[in-house]
Amino acid sequence: MGEDVMPLRLLVEDYRSTERELTAWMRRYNHLKPLLSEADCIYVENRIKELKKRRDTLKKTMENMLQGFPIYKEYISYMWAFPIPQAAMIICYIRDPARFPTVTKLWKYAGLAPGQSPHAGNKRYHVKLKTAVIRSVETMMMARSSRITELYRRFREQEDQKHPELRKPHRHRRAIRKVAKVLLYAIWRKWRDMKGLESTLPYAFEFLKHSKSEYIDPEWLLEKKYPLHRSP
């Protein structure tokens, strides 16, 4: 049986709604500020403050609720700068790792399988989950996570060597996507281990016999003190 993610899901959707409203107000304010009266400016500024306070309250509530999920408390929270809202989104959108007997199925569900891009016409995937994983990677990179940054550099070098014909932003997105797949695999693998479920290696290692030296152990992603951490 999976954990009850519904209360967390309600918080996540409330948080996302608040974020959207806050972004809209800030954009309007930046665009219309020269045209607003002093009273109007005060009204909008107060509204923005209210939304920021609500967003921060929801984030704190999510963090407290996440302590009830072993995959967060015993694994995700030990990754450097993993954003709390995105951690909550990933957990509540996956719901139960038993739904995905292989990581390939989870990658496909998250829109990270080969050929799954908006430009390829295949949009039958969980857009919110994909966005949450990608944003997690970007946030951790900005926070200078050594593990995530190292992975990005490794994949970016591969993309630069294999696809010099592609524009730099395209190669950047491809590298980010590969890091996102590693991150999602790690969460899936650890979550299944915690539940006593069998796990397989990714398809490339299980069937294509890629070198084991390329395999990223989920424990390697941890940068905070963790009792089960093993050096890579």
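Residues numbered from 1 in each chain as written. Predicted model: local features only at pLDDT ≥ 70, side-chain atom pairs only at ≥ 80, totals over all residues. Heavy atoms only, no water.

Enquirer: Can you break down the confidence of the model for the chain residue by residue, with the values?
Expert: Residues of the chain with pLDDT of at least 70 account for 88%, and the chain-wide mean is 90. Counting contacts from residues 227-232, a segment whose pLDDT is below 50, to residues more than four positions away or on other chains yields eight contacts. (pLDDT = per-residue confidence, 0-100. Contact = heavy atoms within 4.5 Å.)

Enquirer: Can you lay out the pattern of salt bridges for me, pointing to particular residues and giving the numbers?
Expert: In the structure shown here, the tally under the stated rule is 16 salt bridges. For R9, the salt bridge is made with E13, and the minimal N-O distance between the two is 3.2 Å. With R9 and E13 both in helix α1 (residues 6-32), this residue pair falls four residues apart, about one helical turn. On the accessibility criterion, E13 (23% relative accessible area) is partly exposed. Across the pair E21 and R47 runs a salt bridge, and its minimum N-O distance is 2.5 Å. Of the two residues, E21 is situated in helix α1 and R47 in helix α2 (residues 38-66); the sequence distance between them amounts to 26 residues. Each of R9, E13, R16 and K128 takes part in one network of salt bridges that share partners. (Salt bridge = Lys/Arg side-chain N within 4 Å of Asp/Glu carboxyl O. Helix = DSSP H or I, 4+ residues; strand = E, 2+ residues; numbered from the N terminus. Buried < 20%, exposed > 50% of the residue type's maximum accessible area, 1.4 Å probe, protein only.)

Enquirer: Just give me the short version of the packing of aromatic side chains, but keep the residues and values in it.
Expert: Applying the stated criterion to the full structure yields four aromatic pairs. Seen in terms of ring centroids, F100 and Y109 are 5.1 Å apart; in terms of plane orientation they differ by 45°. Their pairing is tilted. An angle of 75° between the planes, with centres 6.0 Å apart, marks the rings of Y185 and Y215 as edge-to-face. Of this pair, Y185 sits in helix α8 (residues 168-194) while Y215 is found in the segment after α9 (203-206), placing the two residues 30 residues apart along the sequence. Residue class for Y185 comes out buried when judged on its relative accessible area of 4%. Judged by relative accessible area, Y215 falls into the partly exposed class, the value being 21%. Linked through ring pairs, Y185, W188 and Y215 together constitute an aromatic cluster. Above the plane of the ring of Y109 lies R99, whose end atom (NZ or CZ) is 5.2 Å from the centre. (Phe/Tyr/Trp six-rings, centres within 6.5 Å; stacked < 30°, edge-to-face > 60°. Lys NZ or Arg CZ within 6 Å of the ring centre and 35° of its normal.)

Enquirer: Tell me about the environment of T18, and please be specific about residues and values.
Expert: Locating T18 in the fold gives a position in helix α1. Each C-alpha atom, one on T18 and one on L58, is 9.2 Å from the other, the two residues being 40 residues apart in sequence. The residues contacting T18, other than those within four sequence positions of it, are L51, R54, R55 and L58.

Enquirer: A description of helix α7 (residues 146-162) should follow, citing residues and the corresponding values.
Expert: In a regular helix each residue adds 1.5 Å, so 17 residues correspond to 24 Å; α7 covers 24 Å between its end C-alpha atoms and thus fits that length. Looking at α7, one finds that the buried residues are R147, I148, T149, L151, Y152, F155, R156 and E159. In this fold, the buried residues of α7 make contact with α6 (127-142) and α8. (Expected span 1.5 Å × (residues − 1).)

Enquirer: Explain α2 to me, and be specific about the residues and the numbers.
Expert: Here α2 spans 42 Å end to end across 29 residues, near enough to the 42 Å set by a 1.5 Å rise per residue. All of the buried residues in α2 are C41, V44, I48, L51, L58, M62 and L66. For α2, the elements touching its buried residues are α1, α3 (70-73) and α4 (84-94).

Enquirer: Before we move on, could you go through the packing of α1 against α4 and cite the residues and values that matter?
Expert: Between α1 and α4, the shortest axis-to-axis distance is 9 Å and the interhelical angle comes to 130°. Relative to α4, the element α1 is oriented oblique. The crossing of α1 and α4 is left-handed. Between α1, through L8, R9, V12, E13, Y15 and R16, and α4, the contact on the second element is made entirely by P85, A88, M89, I91, C92 and Y93. Grouping the amino acids of the contact of α1 with α4 by side-chain chemistry returns nine nonpolar, no polar and three charged. (Axes fitted to C-alpha atoms, helices over the stretch in contact; angles between N-to-C directions. Parallel < 35°, antiparallel > 145°, perpendicular 65-115°, else oblique. Left-handed = near helix turned anticlockwise from the far one by under 90°. Nonpolar A, V, L, I, M, F, W, Y, C, P; charged D, E, K, R; others polar.)

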